[in-house]
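# Topology and contacts: notes
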Amino acid sequence: MTAEQIRRDELRGWLDGIAAFNATPGEGITRGVYTPEFEDARRYVIGEMKKLGLTVREDCLGNIFGEYPGTDPNAAPVWTGSHIDTVPNGGKYDGLAGVFAGLEAVAAMRRAGVRPKRTISVNVYAGEEMSRFGVCCIGSRGLSGRLSLTDLKNHADPSGTSLYDALKNLGYAPEDFDQTFPHKAPIHASLELHIEQNDKLEKAGVPVGIVTGICAPTNMICEVDGVQSHAGGTSMTDRRDAYMAAAEMALLLEELANTSTSDYITGTIGEITLTPGAANVIPGKAVFTVDIRSVSAEDKDELVENLRAGMRAIAERRGVDGTLTPLNNDAPLRCDAHLSAVLREQADALDIPHMDLISGPYHDSLMLGDLAPAAMVFIPCEKGISHDRAENIDDDDLVKGTAVLAEALAKIADE
Ligand code: HGY
Ligand code: MN
Ligand code: MN
């Protein structure tokens, strides 16, 4: 499949078509996992898979498997695909580019009469983004064995609805969880196309990136308990201000990430809630999220340890209580060297420039690396913007990335 054989308009049509399933029209894309928009988007993808003649399977977490059968049904399959859920007010391409690139890759094979030995399954993994249930990569985490039935029952959204009950209410059968997860049949390889979500490819003027390593998240919730009191009646020396303590802890996180010697490490606080949340009341409580990423587990663990110690010292000095509760602490993934070499060879054969890079964002491939050798191919996104309504791609880059993915899938599926 050369780039000319990849249908640019079909890819654009799918990306625009699925964008209709959105809770915030005109304000970016909001399609949280297990919401009505998500379920509509799942039905849309299943419909497009069936139009391509794929055999479609689903599981009780809402993962979808669109299978392009190989000539040897007993050979371990090759997986590709990504996610269709989004962050609030996010973009049109995070995850989606990989799902539709996978569909077009197998469609191009079918049009070219290419039927490899191994079945190629184009997958949609449910709930890749950090969800309202406080867990990310739900579908791929389940497949990899890092999620249990107990987790389904323990993870709940702010209304107190457990992930288990949310699945039941939608007609899934989470009671079958242990029969399905972790995925037991062997997988030969996993390849995922994704937008870079950074600006290295764009700055280098290169249309394709080969991912050498995927950073992994450590997500935690920090609760600071101080003393709620009057904003005017309490002197500055008498305060036990939960927010100011949280703010100092936030600056500590930033300083630790900035001064780390790691190849790639980030620290982010994306959400904070103050109680009671009134302009003339010193907050008695602050609850905030901590998101730490690194391509090195050791560097991440070291930052977490230094953060814990620093937070304790801040809490002591300010007379507040602080707790740091871990949600997940995932291991980074070094992408498979052989699969990455095949991707580079196919890009060279297609005369498509490429470069290696690390992925700061995590992806479903991080979990799938537990099941099979995994590799990723990136395409640029405009100014590196992602997780924002301004997220944008050049369709020519998506066509090139899809051609590289298609050629690599066909070759790997014939191994
Ligand atoms: O947050 C991430 O890295 C991914 O986009 N969910
Ligand atoms: Mn994302
Ligand atoms: Mn993504």
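All values derive from a computational prediction rather than experimental measurement.

About the criteria used
Counting restarts for each chain, with residues numbered from 1 along the sequence as it is written. Each chain takes a letter, starting from A, and each ligand takes a number, starting from 1, following the order in which they are written. This being a predicted model, a pLDDT of at least 70 is required before a residue's local features are given, and a value of 80 or more before pairs of side-chain atoms are given or counted; all residues contribute to the totals for chains, interfaces and linings. Here the side-chain values reflect all heavy atoms present in the structure, with hydrogen atoms and water set aside. The donor set covers N, O and S atoms within 2.8 Å of the metal, switching to 3.2 Å for Na, K and Ca, and it leaves out water, so a site may look short of donors. In this text, helices come from DSSP runs of H or I with a minimum length of four residues, and strands from runs of E with a minimum of two, each type numbered from the N-terminal end. Think of it in three bands: with a 1.4 Å probe and only protein chains considered, a residue is buried below 20% of the maximum accessible area for its type, exposed above 50%, and partly exposed in between. Near is defined per residue: the residue qualifies when any heavy atom it owns lies within 4 Å of the molecule or strand. A 3.5 Å cut-off defines polar contacts: any pair of N or O atoms within that distance qualifies, except that in protein one atom must be a possible hydrogen donor and the other a possible acceptor, and neighbouring residues in sequence count only when both atoms are side-chain atoms. The Shrake-Rupley method, run with a 1.4 Å probe, gives the accessible areas here. Residue values count only the displayed protein chains as cover. These domain boundaries are the output of an automatic or database domain assignment. Residues count as neighbours in contact if any of their non-hydrogen atoms are within 4.5 Å of one another. Note on terms: buried area is the combined drop in 1.4 Å-probe accessible area of two parts once they are placed together, counting the loss on both. Any carboxyl oxygen of Asp or Glu that lies within 4 Å of a side-chain nitrogen of Lys or Arg is treated as forming a salt bridge with it. Two joining distances apply to patches: 9 Å for like charges and 5 Å for nonpolar side chains (Val, Leu, Ile, Met, Phe, Trp, Tyr), and every residue must have over 30% relative accessible area and no salt bridge. Pairing of aromatic rings covers Phe, Tyr and Trp, the last counted by its six-membered ring, and requires centre-to-centre distances within 6.5 Å; plane angles under 30 degrees mean stacked, over 60 mean edge-to-face, and any other angle means tilted. A positively charged side chain is recorded as over a ring if its NZ (Lys) or CZ (Arg) lies within 6 Å of the ring centre. The angle to the ring normal must also be within 35 degrees. UniProt positions are given in the numbering used here, feature names are shortened, and annotations may be inferred rather than shown by experiment.

A separate point is the coordination of the manganese ion (ligand 2). A metal bound by six donors in octahedral fashion has ideal angles of 90 or 180 degrees, whereas one bound by four tetrahedral donors has an ideal angle of 109.5 degrees. Distances from the manganese ion (ligand 2) to its protein donors, Asp 94 (OD), Glu 129 (OE) and His 387 (NE2), fall within 2.1 to 2.2 Å. Within one chain, the residues serving as donors to the manganese ion (ligand 2) are arranged as D-x34-E-x257-H. The metal-metal distance between the manganese ion (ligand 2) and the manganese ion (ligand 3) is 3.5 Å, with Asp 94 coordinating both. Residue Asp 94 is found in the loop between strand S3 (78-82) and helix H3 (96-111), and its partner Glu 129 is found in the loop between strand S4 (120-124) and helix H4 (138-144); the two are separated by 35 residues along the sequence. Of the two residues examined, Asp 94 and Glu 129, each falls in the buried class.

The next thing to look at is the site of ligand 1. Residues in close proximity to ligand 1 include Asp 94, Glu 128, Glu 129, Gln 197, Arg 293, Pro 361, Tyr 362 and His 387, which together make up its full environment. In the environment of ligand 1, an oxygen atom lies 2.7 Å from a nitrogen or oxygen atom belonging to the side chain of Arg 293. Here an oxygen atom of ligand 1 and a side-chain polar atom of His 387 are 3.0 Å apart. Surface burial for ligand 1 is 94%, taken as the share of its 210 Å² of free accessible area covered by protein chains.

Along its sequence, the protein chain is organised into domain 1 (1-213 + 331-412) and domain 2 (215-327). Contact residues are listed per partner, giving 13 residues for domain 1 and 12 residues for domain 2. Between domain 1 and domain 2 the total buried area reaches about 1100 Å² when both faces are included, carbon and sulfur atoms providing 65% of it. Inspection of the region where domain 1 meets domain 2 yields 0 salt bridges. The tally of links from domain 1 across to domain 2 stands at 1 residue pair in polar contact (both at pLDDT 80 or more).

Pairing of side chains with opposite charge becomes possible as their charged atoms draw close. Following the criterion strictly, the structure yields 25 salt bridges and no others. Among the ionic pairs, Glu 223 bridges to Lys 285, the shortest N-O distance being 2.9 Å. Taken together, the positions of Glu 223 in strand S7 (residues 216-225) and Lys 285 in strand S12 (residues 285-294) put the pair 62 residues apart, joining distant regions of the chain. What makes Lys 285 partly exposed here is its relative accessible area of 22%. Between Asp 225 and Lys 285 there is a salt bridge, with its nearest N and O atoms 2.9 Å apart. Residue Asp 225 is found in strand S7, and its partner Lys 285 is found in strand S12; the two are separated by 60 residues along the sequence.

Turning our attention to the coordination of the manganese ion (ligand 3). Coordination of the manganese ion (ligand 3) by the protein comes from His 83 (NE2), Asp 94 (OD) and His 194 (NE2), over a distance range of 2.0 to 2.3 Å. Along the chain, the residues that donate to the manganese ion (ligand 3) are spaced as H-x10-D-x99-H.

Bringing a nonpolar patch on the surface into the picture now. Side chains of Tyr 243, Met 244, Ile 272 and Leu 274 sit close together on the surface and give an oily, nonpolar patch of about 330 Å² of accessible area. Elements with a contribution of two residues or more to the nonpolar patch: helix H9 (242-259) and strand S10 (272-275). With respect to the helices and strands, Met 244 occurs in helix H9.

Evaluation of the coordinates by the stated rule reveals 8 aromatic pairs. With a centroid separation of 5.8 Å and 80° between ring planes, the pair formed by Tyr 34 and Phe 38 is classed as edge-to-face. For Tyr 34, a relative accessible area of 4% translates into the label buried. An aromatic cluster is defined as three or more aromatic residues linked by ring pairs; in this entry it consists of Tyr 34, Phe 38, Phe 133 and Tyr 172. In this arrangement the basic side chain of Arg 57 is found over the ring face of Phe 65, its NZ or CZ atom lying 4.5 Å from the centre.

Further remarks concern the side chain of Thr 30. The residue Thr 30 is located in the loop between helix H1 (8-18) and helix H2 (36-51) in this model. Assessed through its relative accessible area of 17%, Thr 30 is described here as buried. A distance of 2.8 Å separates a polar atom in the side chain of Thr 30 from a polar atom in the side chain of Thr 24. The residues contacting Thr 30, other than those within four sequence positions of it, are Asn 22, Ala 23, Thr 24, Glu 37, Thr 86, Val 87, Pro 88 and Asn 89.

Take the UniProt feature "binding site: Zn(2+) 1" (unreviewed entry) in the protein chain next. Taken from the UniProt record, the annotation "binding site: Zn(2+) 1" (unreviewed entry) applies to His 83, Asp 94 and His 194. The largest pairwise C-alpha distance within this set of annotated residues, which runs over 112 residues, is 9.7 Å, so the set is compact in three dimensions. The exposure class assigned to Asp 94 is buried, which follows from its relative accessible area of 5%. In this structure, Asp 94 is in contact with His 83, Asp 85, Glu 129, His 194, Ile 195, Gln 197, Ser 386, His 387 and Glu 391, ignoring residues within four places of it in sequence. Within the structure, Asp 94 has its side chain in polar contact with the side chain of His 83 (distance 3.0 Å). Inspection of the secondary structure assignment puts His 194 in strand S5 (residues 189-195). Residue His 194 is classed as buried on the basis of its relative accessible area, which comes to 1%. Not counting chain neighbours up to four residues away, the residues in contact with His 194 comprise Ser 82, His 83, Asp 94, Gly 95, His 363, Met 376, Val 377, Phe 378 and Ile 379. A polar side-chain atom of His 194 sits 3.4 Å from the main-chain amide nitrogen of Gly 95.

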